[in-house]
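The primary structure of each chain is shown beneath.
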Amino acid sequence: MLLAGVFGVALFLTLVVADWFQFTRLTAEASRYGCGIARMEDRWPPGSLTRVAERFGETGVLHLSNGVARFFPDEQRILLRPQYSLASRSFRSAWTIKGSIELEPDGEATRLTCTKRVPWSSALLTLLWFTVVGIGTVAFAIVYLVNGGLASLGGALMGLGIIGLGLLVLSFGLVVVSLAYRLENHRLMQAYHELRDALTADLTQTLQ
């Protein structure tokens, strides 16, 4: 039994590590890998699509101050993710976000659709955690009520206390996920604005 538990934990950790490894790669396959959680649309000025290929060069990789981007000309897609330094003291959450940016000609301009993605392991574990806590709280309330837990004042207070604790844990989880999303989304948007400036600054000045 112990051996089975150790094997299960090892398998679980291996899957999580493999998921993050695939998520952070700068490859065409990884450019659409991850759980999409939000979308953003933008429109770049005329000539920007040609500028993309020129600016990325032969390597297809563009290093930014707060991120790294890679252009895949065959797919007309840019993979953008915040760049983390090993020596950085910045807090890293379990919900790191990257952007999968689809490029599409729109007249003379370029229309962009950016899908924000998180690792599958982060999304599934978060959903599992909220499901277990939420269903567990509701199930306890039903069973407690059926078994006459509210028959006395003491039982009612204890039941309300446990239910309140479950709701508090759910609220705490929502706050943590919300703050993590805002932090990681801010980092992604920093990199996005740097990418936009690098590819369209000259074109915007020309149009003005």
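A brief look at the structure comes next. Note that the structure is predicted; figures quoted are calculated from it, not measured.

Some points on the packing of aromatic side chains
Tallying each qualifying case throughout the model produces three aromatic pairs. When the ring of Trp 44 is compared with that of Tyr 192, the centres are 6.5 Å apart and the planes differ by 40 degrees; the resulting orientation is tilted. Of the two residues, Trp 44 sits in strand E1 (residues 35-44) while Tyr 192 sits in helix H4 (residues 153-207), which places them 148 residues apart along the sequence. Neither residue differs from the other here; Trp 44 and Tyr 192 are each classed as buried. A ring pair is formed by Trp 129 and Phe 130, whose centres lie 5.0 Å apart and whose planes are at 85 degrees; its orientation type is edge-to-face. Geometry around Phe 23 places Lys 98 over its ring, the cationic atom sitting 4.4 Å from the centre.

A look at the side chain of Asn 185
Looking at where Asn 185 falls in the secondary structure, it is placed in helix H4. In this structure Asn 185 comes out as buried when scored by relative accessible area, which is 16%. In this view, Asn 185 contacts Ile 97 and Lys 116; residues no more than four positions away in its chain are not counted.

Description of unusual backbone geometry
Unusually for a residue other than glycine, Gln 76 sits at a positive phi of about 50 degrees. Considering the arrangement of structural elements, one finds Gln 76 in the loop between strand E3 (67-72) and strand E4 (77-82).

Some words on helix H2 (residues 48-56)
Counting along an α-helix, one turn takes 3.6 residues, and residues three or four places apart therefore face a common direction. Considered for burial, the residues of H2 that qualify are Ser 48, Val 52 and Phe 56. In a view along the axis of H2, the buried residues occupy a sector of 65 degrees, so they form one face of it. Along H2, the residues that are exposed and aim more than 90 degrees away from the buried face are Thr 50 and Glu 54.

The rules behind the values
Residues numbered from 1 in each chain as written. Predicted model: local features only at pLDDT ≥ 70, side-chain atom pairs only at ≥ 80, totals over all residues. Heavy atoms only, no water. Phe/Tyr/Trp six-rings, centres within 6.5 Å; stacked < 30°, edge-to-face > 60°. Helix = DSSP H or I, 4+ residues; strand = E, 2+ residues; numbered from the N terminus. Buried < 20%, exposed > 50% of the residue type's maximum accessible area, 1.4 Å probe, protein only. Lys NZ or Arg CZ within 6 Å of the ring centre and 35° of its normal. Contact = heavy atoms within 4.5 Å. Arc of directions from axis to C-beta.

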